[in-house]
Every structure is written in C-alpha cells, then in structure tokens.
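Now for the letters of each chain:
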Amino acid sequence: MSITAESAPNMEAMQDAPVVEWAKMTAPALVDAARDDAIVLLPVASTEQHGPHLATGCDALLGAEVCRRTALTLTQAGTRAIVAPAVWMGLAEHHVAFGGTFTLALATWNALVRDLCRSILRASFKRIVIVNAHGGNIAALQALSEELTRELEAPIAYCTYPQVAEADGLIAPILEDQDNLKHACEAETSMMMALVPDLVDGARLSEAYGPMETMLSKPLNRWRSFAEMTESGVRGDARRASAEKGERLFDACAQAIASRLQGGEPWR
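One structure accompanies this document, and this report is about it. Being a predicted model, the structure only gives us computed values, none of them experimental.

1. Some points on the packing of helix α2 (residues 58-76) against helix α7 (residues 243-262)
Piece 1. Following both chains from N to C, one finds α2 and α7 inclined at 55°, their axes separated by 8 Å at the closest point. In this view, α2 runs oblique relative to α7, as classed from their interaxial angle. For the crossing formed where α2 meets α7, the hand is right-handed. Between α2 and α7, the residues in contact are L62, E65, V66, R69, T70, T73 and L74 and E247, F250, D251, C253, A254, I257, A258, L261 and Q262, respectively.
Piece 2. Among the residues making up the contact of α2 with α7, the classes are represented as nine nonpolar, three polar and four charged.

2. So, the packing of aromatic side chains
Two numbers describe a pair of aromatic rings. These are the distance of the centres and the angle of the planes.
Piece 1. What the rule picks out here adds up to two aromatic pairs.
Piece 2. Judged by centre distance (5.4 Å) and plane angle (45°), the rings of W22 and F125 are tilted. Residue W22 is located in the segment before α1 (27-35), and its partner F125 is located in the loop between α3 (106-122) and β3 (127-132); the two are separated by 103 residues in the primary sequence.
Piece 3. Ring centres of W88 and F102 lie 5.1 Å apart, and the angle between their planes is 80°; on these two criteria the pair is classed as edge-to-face. Of the two residues, W88 is situated in the loop between β2 (81-83) and α3 and F102 in the loop between β2 and α3; the sequence distance between them amounts to 14 residues.
Piece 4. Cation over ring: R127 sits above W267, and NZ or CZ is 5.1 Å from the ring centre.

3. Some thoughts on the pattern of salt bridges
Piece 1. Taken as a whole, this structure holds 21 salt bridges when the rule is applied.
Piece 2. In this structure, D251 and R69 form a salt bridge, with 3.0 Å as the shortest nitrogen-oxygen distance. Pair noted here: D251 is in helix α7 and R69 is in helix α2, with a separation of 182 residues, a long-range link.
Piece 3. Given a relative accessible area of 35%, D251 falls into the partly exposed group.
Piece 4. Under the relative-accessibility criterion, R69 is labelled buried at 5%.
Piece 5. A salt bridge links K245 to E176; its shortest N-O distance comes to 2.6 Å.

4. Examining the environment of E186
Piece 1. With respect to the helices and strands, E186 occurs in helix α6 (residues 186-195).
Piece 2. As for E186 and L148, which are separated by 38 residues in sequence, their C-alpha atoms are 34 Å apart.
Piece 3. Ignoring sequence-local partners within four residues, the contact set of E186 consists of L175, E176, D177, Q178, D237, A238, R240, A241 and K245.

5. Remarks on helix α4 (residues 138-152)
Piece 1. Taking 1.5 Å as the rise per residue, α4 with 15 residues should run 21 Å; its terminal C-alpha atoms sit 20 Å apart, in good agreement.
Piece 2. For α4, the principal kink sits at L144 and spans about 30°.
Piece 3. Along α4, the positions that sit buried rather than exposed are A140, L141, L144, S145, L148 and L152.
Piece 4. Buried residues along α4 sit against α3, β3 and β4 (156-160).
Piece 5. Looking one or two residues beyond α4, the residue adopting positive phi is E153, at roughly 55°.

6. Notes on the sheet that holds strand β1 (residues 39-44)
Piece 1. Taken in spatial order, the four strands of this open sheet run β2-β1-β3-β4, and their pairing is parallel. Both outer strands of the open sheet, β2 and β4, are each paired with one neighbouring strand and no more. For this sheet the average axis-to-axis angle between neighbouring strands, irrespective of direction, equals 25°.
Piece 2. Judged from the six bridges that link them, β1 and β3 form a sheet pairing that is parallel. Directly across from P43, in β3, lies its bridge partner V131.

Definitions and cut-offs
- Residues numbered from 1 in each chain as written.
- Predicted model: local features only at pLDDT ≥ 70, side-chain atom pairs only at ≥ 80, totals over all residues.
- Heavy atoms only, no water.
- Axes fitted to C-alpha atoms, helices over the stretch in contact; angles between N-to-C directions.
- Helix = DSSP H or I, 4+ residues; strand = E, 2+ residues; numbered from the N terminus.
- Parallel < 35°, antiparallel > 145°, perpendicular 65-115°, else oblique.
- Left-handed = near helix turned anticlockwise from the far one by under 90°.
- Contact = heavy atoms within 4.5 Å.
- Nonpolar A, V, L, I, M, F, W, Y, C, P; charged D, E, K, R; others polar.
- Phe/Tyr/Trp six-rings, centres within 6.5 Å; stacked < 30°, edge-to-face > 60°.
- Lys NZ or Arg CZ within 6 Å of the ring centre and 35° of its normal.
- Salt bridge = Lys/Arg side-chain N within 4 Å of Asp/Glu carboxyl O.
- Buried < 20%, exposed > 50% of the residue type's maximum accessible area, 1.4 Å probe, protein only.
- Expected span 1.5 Å × (residues − 1).
- Bend = angle between axes of the 7 residues up to and from the residue.
- Pairing = 2+ DSSP bridges.

Encoded structure:
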C-alpha cells in the first residue's frame, strides 16, 4: 500500500491503533515488534530558547509527535514502526545567549546517539531511522551516520523532518510568510498551537518575529550566536501562526517520511 496525501490515514481514526511509543510498551511487546522487523524511529532534538512565546521543549515535543504520526501511518499501511524516547538535548551553543538552553559537547552528543542506536540494535531491531528536529544537529548527524553504519554494522538512516516534507513541496503551500520551517516561526508556532496550545504564550506573539534568512545563507561563513542575528530569538515570523496550519504541517511531515519508509527508500 503506497501512502499519498489522499490515502494518508486521518489521525482521529487512529485512536484505536496499536501503541507505537517504546516507553509505553512492555519488554515482551517490544520483542514481538523486533521479530516483526519493526522500524525504530529515534527522535533527536534540543531544549533551547524559542523566542518570547514558545516553551523551550518545542523541538523535542514536535519531533516526537512527527515520529508518532509517522509510526501510526506506517502501521496503518502494514509496516510496523516504534518510536523511541526523544533525545531532548542537542547541540545548541548558538542559543545559549538567550538563556533557558541546554547544550552538549559534540563528543558527548555523538556518544549518546551511538549508545542509543547500539541499545536499539541489542534489543534485536534491525532498522533505525534517526529523525532530527533541531537545526544545530544537522551537520553532526550527517557525519555521525557514516561512523554509526560502519561501527554498528547496521544501515542507520537519518533525516531532518521538515526537510523531507519541503523536498516534496508540502510545506510552502501551508504557510503565508515563509516557504520553510525556520525557528520559533510561523511553522513551529503553528505546530505547537496544534499539539500543546498551553505552551504558546499568546500575549507575547506580537513580538515573535525576526529575520527570514537562514544561518547558512552566505557561501563564506563563521559560527555565530543567534543573538547576533535576531533580537527576539526568532527566525521567521510567528504572527500568522494557527493550530489549523499546525495540523496540516504535522500530517505533511508524517506523510512525507512514511511514504519513503514504506517504499524502503533508505535501504534500497
């Protein structure tokens, strides 16, 4: 069964679907899932400042929810998938100046992700997809994936979740002021409104805007703190955010990832 925008299951219809979160399952249930060759989605994220209006746990919350919806979509299509607990800390030195941020040394983060993947494999799962939800992890994940595949002798796949949907042209049509996901922006704020509206400070939404350009917009670059680029801690503009857009963004990201995994793209 292929997954398309028309055939992607409605999330409300999935309320009776099997539990897909590793932390909510018993060990025997996970052993059974491994025997069924279930795919394990490992969300990696960050806990960091997200402007004046969003909770610092934004990335981990959104990444975990994208993975949950992806796993449910895959399960409905006949491919078992399990969502490992989200890695809530990442590489976030560029956000430290605003406060409220955890960050790890590169070696620590690499070791953490390596040991988590090793644990998943020792639990008898064979297919791992690291689903990244934080821009600061991208370069490190690209480099680490090569080492993991070689050292663990397993085909470790990885992606950054909005980039998959952006590649399919699914993000830009949903947004009004942006064409992709930035930081604490129209997209992330909309998704938080859909998932955990109590963690969006509506009274500060009017302040939640900043420059649109990306951190890597120049061909010759150097490391910069976010404080050098935006006074608000926001990249993009959250003022047109809505829960309706957030639901559409979640579904677009889950559909895009599930479609590729259902087709076996990373392992072909």
